[in-house]
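Notes for the structure review
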Amino acid sequence: MTASSKAPELLWTPKLAGKTPLDDYRRHVNRRFYLNLRTSRDLHRWSVDRPQEFWMDLYSHLGLVPRLPKHITKAYDDSVPMSSNPPFFPGLKLNYAENALFSNPDPSAIALVGIREGMDLADGEEVSWHDYRERVRLTASALRRSGIKQGDRVAALVATSIWAMVLFHASAAIGAIFTSISPELGLEGCVSRLQQVTPAILFADSDTVYKGKTVETSTKVKQILDRLQPQPQTYMVPVASNPTAFPHIDAFLAKANTSDPLTFCATKFSDPLMICYSSGTTGAPKCIVHQHGIILNLKKISAIHNSTTPADVILQYSSTSWVVFYVMCGYTACGAKTILYNGSPMYPDAKQLLRMVEKYKVTYFGTSPRYLLEVEMSKAIPKREFDLSSLRIVYTTGATLSPKQYHWFYSSAFPPHVHLCNTAGGTDTATSLVAADPCGPIHAGEMQIFALGMDVDVADPMTGDSILKIGEAGEMIVRKPFPSMPCYFWGDEGNKKYKESYFERFSNIDVWAQHDWMSCNPTTGGLIMHGRSDGVLNPSGIRFGSGEIYAIVEAAPLNSRISNSLCVGRRRPQDSDEEVFLFVVMSPPHRLTPQFRIDVKAAIRNALSARHVPKFVIEVPDIPVTINGKKIETAVKQVLGGKDVKPSNTVVNPHTIGYFSRFRDMESEPREAKL
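This section reports on the structure supplied with the text. The structure presented is a predicted model; accordingly, all values stated were derived computationally and were not measured.

Section: the pattern of salt bridges
Under the definition given, this model contains 29 salt bridges. Between D152 and K149 there is a salt bridge, with its nearest N and O atoms 3.5 Å apart. The closest approach of N and O atoms between R664 and D644, which form a salt bridge, is 2.9 Å. Within this pair, whereas R664 is found in the segment after α20 (655–659), its partner D644 is found in the loop between α19 (634–640) and α20, the two being separated by 20 residues in sequence.

This is the structure in structure tokens:
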């Protein structure tokens, strides 16, 4: 498949070109290394051609502590294969928390604002930088005096909140390994994670609050503990109730010595910081261990790509089960104020996050393409209904923004000055591979640039050769090491699963495979994501990504009737070719009529080609998604092909996957919708 080489519509040009932190860094590199880099892409190319100079210089430029010792002359040993995960800055002692807690020079400035669903927005709890550090100090003291030491696991079954931030940074300060799970995750999902990482101490919210419902968690916490050996010390964080089944977190804090100073364990750059979990849809989740050194990539993105300063106000919607929670934490390393929201972004309606943007004069709004689609389908016009004048950037991740969503954003929904950035990264990289360029234009449907230092390429799926410049879609890979590669997977003997996950896609080259399908527009240099590479559709040898179909059926005008969709291929053992299914969830009171099926296929044919039209367009009651809201394509594809799949605990609605087995033997579309 070849991406279009035409330039899509230009929708945004930077008003501050030449005056951004990315420009400042480019000029700094020019002065220091006697270069004449003129654009952000020039800077990126230098950063991956000269990785040793780049990572060494970036560390100093970002002001990380301690300063690099003079004996460190290389960022990493480039004679070590990438698949062997060469450590960065060997011998350097760096603590994540020490680099995140002192970035705002004004101790009385507000660091955190905690808001819970159902609260009046004016009642958010505000914590100054001074008080934030005090809370971390006392929590770190209480952890130490509870017997928690470096390398022990500290688990938090808590929602995005001030306590989540305090527990994470206090754990980092003492060298313990933090892991968080959103409290609405089901029992089996919690157990399958915590049994693997065996925490020494567990903190749990007393209640989950979501979509207008408040549910006590004490029964679930008891059930979790019954299945953990050894059982961790356990404390409850009060949310809406004050349960007595477990000690209150105040009893934990009472263990602190109020005279203990805030000190930081002398962890190595590559020492484990936290564990997050894969959203794989079958089998036990992989426990992905990230290092203290992720601060380098997190601050690179927040400070240089996204221009964050202490004057910024951050609203990044994320659950604590998602790596984006830790990405959000990275903005505190720039001294910004962070809004922490515990609740549903859709309650009481799709405008809730926009109300927060207005109330708190948010400058950076992090969300998902799905949320923006919900706002669009609600018929809201944000720029007319809310004061969005403070908003500087809207940062979306987790899925691809369709060209029509870009058009909607700029033509009718948000102020024209706002920088709309669609990015790509993942739980595995703990950073963006594709990032914002505040110095460059935005074209409809295209991401902007590869993140500095990330040697990302588009590889021919057969040979591994670069096909980036010719515009063909292929495997998204990274060709050189980066400092937020996971340390390892917890419990992975010999790093077997680690290497299987990232380094066995190609047998002839040693590269990191992201398992995404991507192309680059040769005319604009913009990047287009086509979906997961294991979900690439290939009917009659025509390869394309499901994202191309979603960009049509989940955009106007079809999204006035279609609320969700899933596009996968079916190839059974007896089939000589793959057949494409498009499953749609209709918005009540609409149903999939024969005429609307024709209209859907016509829209795809007109926007793409006749070869992209699915053979089957079928109405279904629901689409399976992970706890992070991502569509589950691979498992459904396996079911259609005849495999019985046992969903993992990361699937929000596991019963939906088995539903698709009824389509294994389908040879023609039903004449009318039947659910």
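From this point on, the discussion continues.
Structural notes on helix α6 (residues 162–174)
In a regular helix each residue adds 1.5 Å, so 13 residues correspond to 18 Å; α6 covers 19 Å between its end C-alpha atoms and thus fits that length. Among the 13 residues that make up α6, 12 are buried, leaving the element largely enclosed by the rest of the structure. Among all positions of α6, only I162, A164, M165, V166, L167, F168, H169, A170, S171, A172, A173 and I174 are buried. Just past α6, the residue G175 takes up positive phi, approximately 85 degrees.

Side note on the nonpolar core
Counting residues in each nonpolar core, the largest one holds 118 residues, and the members touching the most others are W55, F89, Y132 and F203. Top contributing element to this core by residue count: α6, with 10 residues. Ignoring anything within four residues of it in the chain, the contact list for F89 reads W55, M56, Y59, L68, I72, A75, F269 and L296. L537, I552, L582 and F583 belong to the second-largest nonpolar core, a separate cluster that totals 40 residues.

Let's talk about the sheet that holds strand β12 (residues 313–316)
Read from one edge to the other, the open sheet built from 7 strands follows the order β3-β2-β13-β12-β14-β15-β16, with strand pairing classed as mixed. Two strands bound the open sheet, and with one partner strand each, they are β3 (125–128) and β16 (419–422). Adjacent strand axes in the sheet meet at a mean angle of 15 degrees when their direction is disregarded. Sheet analysis places strand β14 (residues 364–367) next to strand β15 (residues 393–396), joined by 4 bridges and oriented parallel. In the sheet register, T367 faces β15, and the bridge partner there is T396. Docked against the sheet, helix α15 (residues 403–413) engages β15 and β16, running at close to 165 degrees with respect to β16.

Reading the values: the criteria
Residues numbered from 1 in each chain as written. Predicted model: local features only at pLDDT ≥ 70, side-chain atom pairs only at ≥ 80, totals over all residues. Heavy atoms only, no water. Salt bridge = Lys/Arg side-chain N within 4 Å of Asp/Glu carboxyl O. Helix = DSSP H or I, 4+ residues; strand = E, 2+ residues; numbered from the N terminus. Expected span 1.5 Å × (residues − 1). Buried < 20%, exposed > 50% of the residue type's maximum accessible area, 1.4 Å probe, protein only. Core = buried A, V, L, I, M, F, W, Y, C linked by side-chain atoms within 4.5 Å. Contact = heavy atoms within 4.5 Å. Pairing = 2+ DSSP bridges. Axes fitted to C-alpha atoms, helices over the stretch in contact; angles between N-to-C directions.

So yeah, pure geometry; function would need other evidence.
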